[in-house]
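# Inside the fold
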Amino acid sequence: MSTRVDDVRVLAVDDPGTTRSLKRWLWTDRSSAGKFWIAVSPALILYLLFTVYPMIQVAVASFTDARGFNRPWELVGLDNFVRIFSGDPVLMEAVGNTAIYAFFKIVVQTILAFLIAVLLHRQLMLGNIYRAIFFAPMVISPVAIVFTWSFMYDPTSGTFNTILRNIGLGALAQDWLGNYDLALYSVILVDLWSGLGFNIVIFLAGLSTIPSEILEAARVDGARGWKTLRYITLPLMIPSIGLVLVLAINGALRAFDTVYLMTKGGPGNSTQLYMTQVFQEGLVNNNFGYASAMAVLVLIVLIVIAALQNKLNNKIAEDDR
């Protein structure tokens, strides 16, 4: 006596031929492109929903007088962009602060990271411990870093002022985050310390790709110390340096969390950066359209920088062939 099975899942289990046919239909008979889109579709949907759609919404809002979601948006054309370049004093101060921040982030941090990486690349005693020390800030929560440094900067019981008083230099004690002239540099120091380790790791990875034969040949020819660094190491490290510079520019233009958590742009506007001003205009002053236009300009700059970096990498790859 036979029993008819209508459940496809049971059929697939009971009939090996059916199982093989189903697998062949899903994977073997489909093109490689089909398999690719099946695999990436979940991530792609999330990316479109949470990245691309908000970017499009911001781009649209930049041409409107958007002031929230409870009133209709009206097109204002390029008025928001004209306002950006019209000399808004607060924005100009934020741009100036961002330029100072960018100098330390791009130039000073890159040079320090490169020199430290060159030293760590040599066979130093306890070299792995030094690497761990420099990389440690990268695995610490930014919020924890901010609160720790804020305590160290405290004008009454902070670590820096306590040390200065104990060694007889109490006259140099400062309100590091409350002093209009020192607050920005105090915040910059925190970001330099926390971001240094990541750049060091990138440079160490680049240094490890330099063939030892080239360095040995340079030593035989009499190139040592500074000459080796200048004529051998630096040219071969251009891709790594380019990557670090692009990431540093990106970080400088998008800097927000450390400044906002430590000072909220104060005292006055002494630590106001471009992105903290975007936040201020958009979510505090409720000028969504104006803030969106500011964000679009940053996006354009970052796209141009990424395109230039890509072009440089392609040129270097062609020269190496």
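A brief report on the enclosed structure follows. On a predicted model such as this, the values are computed, not experimentally measured, just so you know. (Residues numbered from 1 in each chain as written. Predicted model: local features only at pLDDT ≥ 70, side-chain atom pairs only at ≥ 80, totals over all residues. Heavy atoms only, no water.)

### Regarding the overall build of the protein
The number of helices and strands found in the protein is 15 helices and zero strands. Taken across its 321 residues, the protein has 33% of its residues classed as buried. For the protein, contacts bridging at least 24 residues in sequence account for 64% of all contacts bridging at least 6. Counting every atom, the protein has about 20,000 Å² of accessible surface; 67% of that belongs to carbon and sulfur. (Helix = DSSP H or I, 4+ residues; strand = E, 2+ residues; numbered from the N terminus. Buried < 20%, exposed > 50% of the residue type's maximum accessible area, 1.4 Å probe, protein only. Contact = heavy atoms within 4.5 Å. Areas by Shrake-Rupley, 256 points an atom, 1.4 Å probe, with all protein chains shown as cover.)

### Some details on a nonpolar patch on the surface
Together, Phe135, Met138, Val139, Ile140, Trp193, Phe198, Val201, Leu243 and Leu247 make up an exposed nonpolar region whose accessible area comes to about 750 Å². Mapped by element, the contributors of at least two residues to the nonpolar patch are α9 (183-208) and α12 (238-253). Per-element accounting of the nonpolar patch gives the leading share, three residues, to α9. Secondary-structure assignment places Phe198 in helix α9. (Patch = residues over 30% accessible without salt bridge, like charges linked within 9 Å, V, L, I, M, F, W, Y side chains within 5 Å. Salt bridge = Lys/Arg side-chain N within 4 Å of Asp/Glu carboxyl O.)

### Observations regarding the side chain of Asp191
Counting through the fold element by element, Asp191 comes out in helix α9. Lys105 provides the closest opposite charge to the buried, salt-bridge-free Asp191, at an N-O distance of 5.3 Å. Non-local contacts of Asp191, meaning those with residues more than four positions away in its chain, are made with Tyr101, Lys105, Gln109 and Thr258. (Lys, Arg positive; Asp, Glu negative; His and termini not counted.)

### Some remarks on the nonpolar core
Formed by 22 residues in total, the largest nonpolar core has its most connected members in Tyr101, Trp149, Tyr153, Val190, Met262 and Leu273. Of all the secondary-structure elements, those providing two or more residues to this core are α5 (89-121), α7 (142-152), α9, α12 and α13 (257-262). Among the elements that line this core, the one with the most residues is α9, at five residues. Every residue in contact with Met262, bar those within four places of it in the chain, is listed here: Val146, Trp149, Ser150, Tyr153, Leu177, Val187 and Val190. (Core = buried A, V, L, I, M, F, W, Y, C linked by side-chain atoms within 4.5 Å.)

### Points about unusual backbone geometry
For the bond running from Gly266 to Pro267, omega is -5°, close enough to zero to count as cis. Counting through the fold element by element, Pro267 comes out in the loop between α13 and α14 (274-284). Although it is not a glycine, Lys264 sits at a positive phi angle of roughly 55°. The exposed category is assigned to Lys264, whose relative accessible area is 54%. The backbone phi angle of Asn286 is positive, close to 65°, even though this residue is not glycine. Tracing the sequence through the fold places Asn286 in the loop between α14 and α15 (288-320). Taking relative accessible area as the criterion, Asn286 reaches 33% and is therefore assigned partly exposed.

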